[in-house]
Amino acid sequence: MSLSGVGTKRDYGIALKHFNIASKSGHVLAFYNLGMMHAGGIGVMRNCQTAAELLKNVAERGTWGNNLMDAHALYHKGFVDSALIKYLLLAEQGYEVAQTNAAFILDREATDFVKTLKYRFKRAFVNWKRAATQGFGGARLKLGDYYYYGQGTQVDPVEAAEQYQLASDVDHNPQAMFNLGYMHELGIGRAQDMHLAKRYYDLAASTSLDAHVPAMLANSKLQAKIHVAWLIQTYKDFTFTKLAEGILQWWGGVIASITATFNSIGDLLLELGSTASEVGVSEDWDIYLMSILAIVLGLVMAVRGHHMRNNIRAAQLRLQEQQNLANQQQQQQPVPPAN
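The structure presented is a predicted model; accordingly, all values stated were derived computationally and were not measured.

The rules behind each value
Residues numbered from 1 in each chain as written. Predicted model: local features only at pLDDT ≥ 70, side-chain atom pairs only at ≥ 80, totals over all residues. Heavy atoms only, no water. Helix = DSSP H or I, 4+ residues; strand = E, 2+ residues; numbered from the N terminus. Contact = heavy atoms within 4.5 Å. Phe/Tyr/Trp six-rings, centres within 6.5 Å; stacked < 30°, edge-to-face > 60°. Buried < 20%, exposed > 50% of the residue type's maximum accessible area, 1.4 Å probe, protein only. Lys NZ or Arg CZ within 6 Å of the ring centre and 35° of its normal. Axes fitted to C-alpha atoms, helices over the stretch in contact; angles between N-to-C directions. Parallel < 35°, antiparallel > 145°, perpendicular 65-115°, else oblique. Left-handed = near helix turned anticlockwise from the far one by under 90°. Core = buried A, V, L, I, M, F, W, Y, C linked by side-chain atoms within 4.5 Å. Nonpolar A, V, L, I, M, F, W, Y, C, P; charged D, E, K, R; others polar. Salt bridge = Lys/Arg side-chain N within 4 Å of Asp/Glu carboxyl O. Lys, Arg positive; Asp, Glu negative; His and termini not counted. Polar contact = N/O pair within 3.5 Å; in protein donor to acceptor, adjacent residues only side chain to side chain.

Can you lay out the environment of Lys56 for me, pointing to particular residues and giving the numbers?
By secondary structure assignment, the location of Lys56 is in helix α3 (residues 48-59). For Lys56 and Tyr32, which are 24 residues apart along the polypeptide, the C-alpha to C-alpha distance reads 9.2 Å. Ignoring sequence-local partners within four residues, the contact set of Lys56 consists of Gly94, Glu96 and Gln134.

Hey, could you go over the packing of aromatic side chains for me, with residue numbers and the actual values?
We describe a pair of aromatic rings using the distance from one ring centre to the other and the angle between the two ring planes. By the definition in use, this model includes 4 aromatic pairs. Where Phe125 meets Tyr146, the ring centres are 6.3 Å apart and the plane angle is 20°; that geometry is what we call stacked. Of this pair, Phe125 sits in helix α8 (residues 120-133) while Tyr146 sits in helix α9 (residues 137-149), placing them 21 residues apart in sequence. Take Tyr146: its relative accessible area is 1%, and that puts it in the buried class. Members of the aromatic cluster, joined through ring pairs, are Phe125, Tyr146 and Tyr147. Sitting over the ring of Tyr119, Lys122 keeps its end group 5.7 Å from the ring centre.

Pulling in residues and values, what's your account of the packing of helix α2 (residues 28-40) against α3?
Where α2 contacts α3, the axes come no closer than 8 Å and their chain directions differ by 155°. Considering their axes alone, α2 and α3 lie roughly antiparallel with respect to each other. Crossing angle aside, the handedness with which α2 passes α3 is left-handed. Where α2 approaches α3, its residues Val28, Phe31, Tyr32, Leu34, Gly35, Met36, His38 and Ala39 are matched on the opposing element by Thr50, Ala51, Leu54, Leu55, Asn57 and Val58.

Could you give an account of the side chain of Asn127, naming the residues involved and the relevant values?
Mapped onto the elements, Asn127 comes out in helix α8. A relative accessible area of 5% means that Asn127 is categorised as buried. When near neighbours in sequence (up to four residues on either side) are disregarded, Asn127 contacts Leu88, Ala91, Gln99 and Ala103.

Break down the nonpolar core for me, citing the residues and quoting the values.
Counting residues in each nonpolar core, the largest one holds 34 residues, and the members touching the most others are Leu84, Tyr87, Ala98, Ala124, Trp128 and Tyr164. Contributions of two or more residues to this core are made by α4 (66-77), α5 (80-92), α6 (96-108), α8, α9, α10 (157-171) and α11 (174-186). The contacts of Ala98, once residues within four sequence positions are left out, are Leu68, Tyr87, Leu90 and Ala91. Counting 9 residues, the second-largest nonpolar core is a separate cluster that includes Ala15, Leu16, Phe19 and Phe31.

Report on the packing of α4 against α5, specifying residues and quantitative values.
Where α4 contacts α5, the axes come no closer than 8 Å and their chain directions differ by 155°. The orientation of α4 with respect to α5, classified from their angle, is roughly antiparallel. Remark: the crossing between α4 and α5 carries left-handed chirality. Contacts between α4 and α5 involve Asn67, Leu68, Asp70, Ala71, His72, Leu74 and Tyr75 from the first element and Val80, Ser82, Ala83, Lys86, Tyr87 and Leu90 from the second. Tallied by class, the residues present in the contact of α4 with α5 amount to 8 nonpolar, 3 polar and 2 charged.

Any chance you could break down the pattern of salt bridges for me, citing the residues and the numbers?
Per the counting criterion, the structure on display carries 7 salt bridges. Note that Arg108 is salt-bridged to Asp107, the shortest N-O span being 3.6 Å. When its relative accessible area of 14% is taken as the criterion, Asp107 is described as buried. One salt bridge connects Arg190 with Glu162, and the closest N-O pair in it is separated by 3.8 Å. Separated by 28 residues along the polypeptide, Arg190 in the loop between α11 and α12 (194-207) and Glu162 in helix α10 bring together distant segments of the chain. With a relative accessible area of 37%, Glu162 lands in the partly exposed category.

A description of the environment of Asp11 should follow, citing residues and the corresponding values.
Counting through the fold element by element, Asp11 comes out in the segment before α1 (12-24). With 32 residues separating them along the chain, Asp11 and Gly43 place their C-alpha atoms 8.3 Å apart.

For unusual backbone geometry, give the residues involved together with the corresponding values.
Residue His172 is not a glycine yet carries a positive backbone phi of 55°. Mapped onto the fold, His172 is located in the loop between α10 and α11.

An account of the side chain of Arg120 is needed here, citing residue identities and associated values.
By the element assignment, Arg120 lies in helix α8. Although Arg120 is buried, it makes no salt bridge; Asp107 carries the closest opposite charge, 6.3 Å away. Polar side-chain contacts of Arg120 include one of 2.5 Å to the backbone oxygen of Leu106. Residues within four places of Arg120 in sequence aside, it is in contact with Leu106, Asp107, Arg108, Glu109 and Val114.

Provide a residue-level description of the environment of Gly150, including the pertinent values.
One can find Gly150 in the loop between α9 and α10. Residue Gly150 is classed as partly exposed on the basis of its relative accessible area of 27%. Distance in space between the C-alpha atoms of Gly150 and Phe121 is 9.7 Å, their sequence separation being 29 residues. If we ignore the near neighbours within four places in the chain, the residues touching Gly150 are Asp145 and Val155.

Right, dumping it as structure tokens:
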């Protein structure tokens, strides 16, 4: 009444409000009127996509939609081939549920009728693609599998990764996230990136509890591969020149650290000396400072010499023990008899 202005003032806003409320209860006429309003831009911004979705809902609620329930009943009774034929007919009429169910039967079931179909997986691929176009997220995952394994189409890892990416971003599918991690790990269809692979494995684990164990095992394998690759690269790059450079660099760092320590001590003593001069302490503080630094340096050299002497003594003892052991072995050998 508000839409046509019969019995009340024409008000498209009120009409749109009541049609939305009625559509939530499944009223077919409300879906139809909403679709026509969106198609013609009546009381709302024109949107052909929304109008098509609403009118599709109306079309699927006709009496011919009973065939969908009949196919469902036949499948659960064990008449898989009869259910498949009904699903295929409804799939050609645009029923997304029928497209999904027909693709599922062609993909999974192995009845005699299904085995005789010449283009079994190609038909399944077409129906998965149609269902994905209508917004079914699980179909995106199946399309990725078909492109990856080449069922019903050519092998295309890049397109498989694109389908997995859509299923991951739009529907947050954990299996798609895991597959993306696997493809990044091996560099199939995507650039090889171990860190990005770990990210997708972690996303899959955080999205679904069922993905925790597979993601944990995949991450363990990934970490092992990273460490093995690092060891191999380190072995390939190893040279004695680089080892010597590393030792010299380390020793230079030690010397720099000691120098910085002495400089800081010197700055502290200089500050104390300036403070002392302000309060009337003797002006010969620099002599005391040099004496203290000389004592500290002497202590460092003494400790270093003591360690070097201990190392030399230990090396000499080891050499003497080896010589004694060699002499004992020579004495224990039997002397050959004289001819």
